[in-house]
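Remarks on the overall topology
Here are the chains, one letter per residue:
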Amino acid sequence: MIGRALAEHLERQGRRVVRTTRSPEPNALTLDLSKDVSAWTPPCDVATAYLCAAVVSLDQCRKDPAAAFAVNVTGTVSLARSLLQRGAHVVFLSTNLVFDGSLARPRSDAPVAPRTEYGRQKAEAERQLMALSDRVSIVRLSKVLGPRTPLLSRWAEDLRRGRTIHPFSDMPVAPVPLDFVVEVLFRVGQKRLGGIVQVSGEEEVSYEAVARRIAQRLGAPQRLVVPIPAAASGLNLEHVPRHAALDVTRLESELGMTPPDVWATIDGGFA
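Before going into details, it helps to say that this report is about the structure given with it. (Residues numbered from 1 in each chain as written. Predicted model: local features only at pLDDT ≥ 70, side-chain atom pairs only at ≥ 80, totals over all residues. Heavy atoms only, no water.)

1. Quick notes on the overall build of the protein chain
Counting its regular elements, the protein chain contains nine helices and 10 strands. A compact globule built from 271 residues would reach a C-alpha radius of gyration of about 18 Å, and the protein chain, at 19 Å, matches this within 12%. Principal axes of the C-alpha set define a box for the protein chain whose edges measure 60 × 40 × 35 Å. Of all 271 residues assigned to the protein chain, the portion counted as buried reaches 46%. A separation threshold of at least 6 residues defines the contact pool for the protein chain, and within that pool the share at least 24 residues apart is 81%. Counting only carbon and sulfur atoms, one obtains 50% of the accessible surface of the protein chain, whose full area is about 13,200 Å². The protein chain carries 34 positive and 29 negative side-chain charges, and their two centres are separated by 3 Å. (Helix = DSSP H or I, 4+ residues; strand = E, 2+ residues; numbered from the N terminus. Rg over C-alpha atoms; globule rule 2.2 N^0.38 Å. Buried < 20%, exposed > 50% of the residue type's maximum accessible area, 1.4 Å probe, protein only. Contact = heavy atoms within 4.5 Å. Areas by Shrake-Rupley, 256 points an atom, 1.4 Å probe, with all protein chains shown as cover. Lys, Arg positive; Asp, Glu negative; His and termini not counted. Charge placed at Lys NZ, Arg CZ, Asp CG, Glu CD.)

This is the structure in structure tokens:
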């Protein structure tokens, strides 16, 4: 989702963009990070490389950590090494799940403490990438909401049909909209800003509050929103963090960007 939107944004800015994909499709090069990519070379010189591909499903990472590690760490770092050797600046998309969520708004230099397999793999990829070169940008993201985000759109459809939904009452989210994230990535690449930049909503809300907002906006009865604790969901969750937001000081001071209102972000996620 992010890679596609970013490529379209870069092209609108007049940049030449080379896309890659693991499944053959028109106007994209085939590149599968689960394979040995050490000998892969781009067809032209690359000024900035955005590493957006990953196994992002927490459940998939937990169930098959070796296969996910091959993509999220081994393949990603191998590709980054090749690109760096050719003079590219590398921008890597990471996650707030490199932290355990016990602290509110951790700084970018705070010790990582992942509690999920996905978070551990992203933290390890960060560590290896930062050791390669100072021409690496790590962009840590909280929840990114694009237009018609599946979960929110599903809730909206259920509410429209008068069906009950069961959001988590005890899981926080600090969402940012897709278009904001794309602009952040564009500016990071343009400035070749090394080190870690954190991006999240400045306000944390529960998934219950998100669901109630959707019901309110749709004019649906609040009684259709029946929250449950995450532990009662029947899902095999590795960890339920207390906090989701990140410190965004560098985002504001060096990129001049302030995360938009969380409620506007949520509204856009199911519109």
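2. Overview of a nonpolar patch on the surface
Taken together, the side chains of Leu235, Leu237 and Val240 present a nonpolar region at the surface, about 230 Å² in accessible area. Tracing the backbone shows Leu235 in the loop between helix H7 (207-218) and helix H8 (249-255). (Patch = residues over 30% accessible without salt bridge, like charges linked within 9 Å, V, L, I, M, F, W, Y side chains within 5 Å. Salt bridge = Lys/Arg side-chain N within 4 Å of Asp/Glu carboxyl O.)

3. Looking at the sheet that holds strand S4 (residues 89-95)
Strand order across the open sheet formed by four strands is S3-S4-S5-S9, with parallel pairing between neighbours. In this open sheet, the two edge strands, each paired with only one partner strand, are strand S3 (48-51) and strand S9 (195-199). With strand direction ignored, the average angle separating the axes of adjacent strands in the sheet is 20°. Note: strand S5 (residues 136-141) against S9, five bridges, orientation parallel. (Pairing = 2+ DSSP bridges. Axes fitted to C-alpha atoms, helices over the stretch in contact; angles between N-to-C directions.)

4. So, the packing of aromatic side chains
Enumeration according to the criterion identifies one aromatic pair in this entry. Between the aromatic rings of Trp155 and Tyr207, the centroid separation amounts to 6.4 Å while the plane-to-plane angle is 85°, which identifies the pairing as edge-to-face. Of this pair, Trp155 sits in helix H5 (residues 150-160) while Tyr207 sits in helix H7, and the two are 52 residues apart along the sequence. Taken as a pair, Trp155 and Tyr207 share a single burial class, namely buried. (Phe/Tyr/Trp six-rings, centres within 6.5 Å; stacked < 30°, edge-to-face > 60°.)

5. Observations regarding the nonpolar core
The nonpolar side chains of a soluble globular protein tend to be buried, and buried together. With 26 residues, the main nonpolar core has Leu185, Val199 and Leu251 as its most contacted residues. Within the residue set of this core, elements represented by two or more residues are helix H1 (2-12), S4, S5, helix H6 (178-191), S9 and H8. Top element by residues in this core is H6. It accounts for eight residues. Not counting residues within four places of it along the chain, the set of residues in contact with Val199 comprises Val139, Arg140, Leu141, Ser142, Val176, Phe180, Val184, Leu246, Val248 and Leu251. Ranked by size, the runner-up nonpolar core spans 25 residues in total, among them Leu31, Val37, Val71 and Leu129. (Core = buried A, V, L, I, M, F, W, Y, C linked by side-chain atoms within 4.5 Å.)

6. Description of unusual backbone geometry
One can expect most non-glycine residues to show negative phi and most peptide bonds to be in trans. Here the phi dihedral of Asn27 falls at roughly 65°; this positive angle occurs in a residue that is not glycine. Within the secondary structure layout, Asn27 lies in the loop between strand S1 (20-21) and strand S2 (29-30). Residue Arg192 is not a glycine yet carries a positive backbone phi of 50°. Within the secondary structure layout, Arg192 lies in the loop between H6 and S9.

7. Topic: the pairing of S5
For S5, the tally of buried residues reaches six of six residues, placing the bulk of the element in the interior. Bridge analysis of S4 against S5 gives six bridges, and the strand direction is parallel. Bridge pairing in S5 places Leu93 opposite Val139. Each parallel crossover has a hand, and the one from S4 via helix H4 (residues 117-132) to S5 is right-handed. (Right-handed = clockwise from strand over helix to strand, strands pointing away.)

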